Every structure is written in structure tokens, then in C-alpha cells.
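Examining the three-dimensional arrangement
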Amino acid sequence: ILPQKSIEEVSEDVEKWAKQRKEEIEVLQNNEKFRKEFLMNLAHELRTPIFSVQGYVDTLLGGALEDENVNRKFLSNASKSIDRLVRLVDDLDEISKLESGKIPIIQESFVIQDLISDVYEEFSLKAKERNIELLFKKGTERPIWVHADMPKIKQVLVNLIENAIKYGNDNGTITSGCYVVDDKSIYVEISDNGPGIAEEHLPRIFERFYRADRSRARAIGGTGLGLAIVKHIVEAHGQTVNVRSKPGVGSSFGFTLDKSDAPQRFI
Ligand code: ADP
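As annotated in an unreviewed UniProt entry, the protein chain is histidine kinase from Flavipsychrobacter stenotrophus. Taken from UniProt, the Catalytic activity (unreviewed entry) comment for the protein chain reads in full: "ATP + protein L-histidine = ADP + protein N-phospho-L-histidine."

Structure follows, in C-alpha cells:
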């Protein structure tokens, strides 16, 4: 038999219980708020390219099809909007798989600089078109072995390097740095000398569909999900991602990874 509680103890328990319930309700309300906001943003993101395709197709059917001067242009614009929809659906698919934990993290050992070089290679043409240099920070070229899911970390690097090119200035520079933090962890940083991001946007930059400069980002053609995917992948590894930026100077996105020893055959 339990000893009887005093009135004070009982009322303390009740207060504790009420506080916990209040906190639980707040969490649920916040989740609901996020869900509503997400659906609203999604509808908006889908509407823009769909309306654009509808506009071009209607104009073509309304007579522009016969006009040799405009029909190809309209079809090519409609096709660009469809590309954008496809990218959006692909990114949404990726993010929902990551959120549901459906894709497991499969870790292996690899050299992080080699992966960055692969991604540089993939973007070399795009960078060249705008005379952007893709470099390694001096002193960080020495091979560093990491233990992580290689295809997913490649996706992180693709999203960060693609953004650095997309938002970067013509004739700019993108610099990657790889640092050993301690015997367990390493830090990777992708920096650009582009327009930078104003301080008020930084805390929300990794949220789905959040954009620092809405009209510019849309014109550039992003889905608004790239950094949300980066954050998901890095956190699924139990690691952290951060951003530092100064308007007019540039931006630096960095993340940590588990350090690995070089496999025996490489020693
Ligand atoms: P988007 O598809 O719009 O590029 P992201 O999630 O990849 O979406 O990025 C979110 C926003 O962060 C961008 O719209 C842009 O405003 C800002 N941003 C991301 N990377 C950079 C960068 N390297 N330089 C300046 N702004 C950036």
C-alpha cells in the first residue's frame, strides 16, 4: 500500500500533468501548422509552372500554332515549365522518402576529396559557361577518409555546389575545404564569393520552400527543396550542417562527417 500523498503533493502532480499536456498540445499544434504551411507552399509551387504550361498551350490552340515565329518558342517555354515540375516531383519524392526513414543509410569508407572532384567534374561545363573556378582550399587537398553513405553525401555536395554556381557571380570562385576536427570527425565546407544571404534569412534557409530572394530564386529555377534535402541527409548521418554568409561577400555551407581510417589495402 502506497503512503497517502499530502494535498500539496497531489496539487503539485496535477500541475505537472497539466504542464505536460499543454506542451504536448503545443507540439501537435506546431506540427499541424507546419503541415498546413507545407501544403499551401506546395500548391503555390505547383500552380506556377502548371499555369504557365496552360497559358502557352491555350495560346497555341487559340491560333498561335500557325504562327511560325512564335509556336516553337511557346512550346520550348512550356517544356521548360514541365522540366521544373519534374524536378519538383523528384525532390518531393526524395524528401518524403528521407522523412519516412524508408531509405537506409548505408555507410562505407571513401575519400571525401575524390567525391568532391567527381561533383566538380559533373559541373565543370556549367561553371565554365560562367567562368566560375572550382577549387580546393590550399592545405586541404590531402586525402581524408570518411565513413558515410557515399551516394547520399554526393547528393549533398551536388546541391551545395549547384547552389554556389546558380547564385554565384560570373567569374566567381567556389572553394571546398576539408578539415580533420579530431580523431572522430571531419568538416567539409563549400564556399562561394557570390551575393551572400542576409542575416534575417539564415535561421530559416534549410526549411522546405524557404527562399532568401523569392523572385531571383524562381527565375533561376530552383525547387526550394535543395537545402532541406541537404539537412535531412546530414542529420540522418547523426551529423550537423550550418551556414555562414555575408551579403556582398559570399556564403559558406559546412557539415560534419565521421572520420574513418584508410582501409588496410591503402596503407
Ligand atoms: P532553391 O531551389 O531555391 O535553390 P534551396 O533550398 O537549394 O532552394 O536554397 C534555398 C534558398 O537559399 C535559395 O532560394 C537562395 O535564396 C538561398 N541560397 C542557397 N544557396 C545559396 C548560395 N550559395 N548563395 C546565395 N543564396 C543561396
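**Things to note about the site of the ligand**
Near the ligand you find 21 residues, and of these N163, Y167, D192, G224 and L227 are the closest. Note that a nitrogen atom of the ligand is positioned 2.8 Å from one of the side-chain N or O atoms of D192. Contacts to the ligand include A212, whose backbone N or O atom sits 3.0 Å from an oxygen atom. Contact with the protein chains covers 97% of the free accessible surface of the ligand, which is 530 Å². Among the secondary structure elements, those contributing two or more residues to the shell around the ligand are α4 (150-167), α6 (226-236) and β7 (250-259). The leading source of residues in the shell around the ligand is α4, at 4 residues.

**Side note on the layout of surface pockets**
Volume-wise, the largest pocket comes out at about 890 Å³. The wall of the largest pocket is formed by 40 residues, among which N163, K166, Y167, I220 and G222 lie closest to the centre. Mapped by element, the contributors of at least two residues to the lining of the largest pocket are α2 (68-100), α4, α5 (214-220), α6 and β7. Counting residues per element, the lining of the largest pocket draws most heavily on α4, which supplies 9 residues.

Parameters at a glance
Residues numbered from 1 in each chain as written. Predicted model: local features only at pLDDT ≥ 70, side-chain atom pairs only at ≥ 80, totals over all residues. Heavy atoms only, no water. UniProt positions renumbered as here; feature names shortened; annotations may be inferred. Near = heavy atom within 4 Å. Polar contact = N/O pair within 3.5 Å; in protein donor to acceptor, adjacent residues only side chain to side chain. Areas by Shrake-Rupley, 256 points an atom, 1.4 Å probe, with all protein chains shown as cover. Helix = DSSP H or I, 4+ residues; strand = E, 2+ residues; numbered from the N terminus. 1 Å grid on protein atoms, 1.4 Å probe; cavity = no way out; pocket = protein on both sides within 12 Å on 5 of 7 lines; lining within 4 Å. Points joined across faces, edges and corners; volume = space filled by probe spheres on them.

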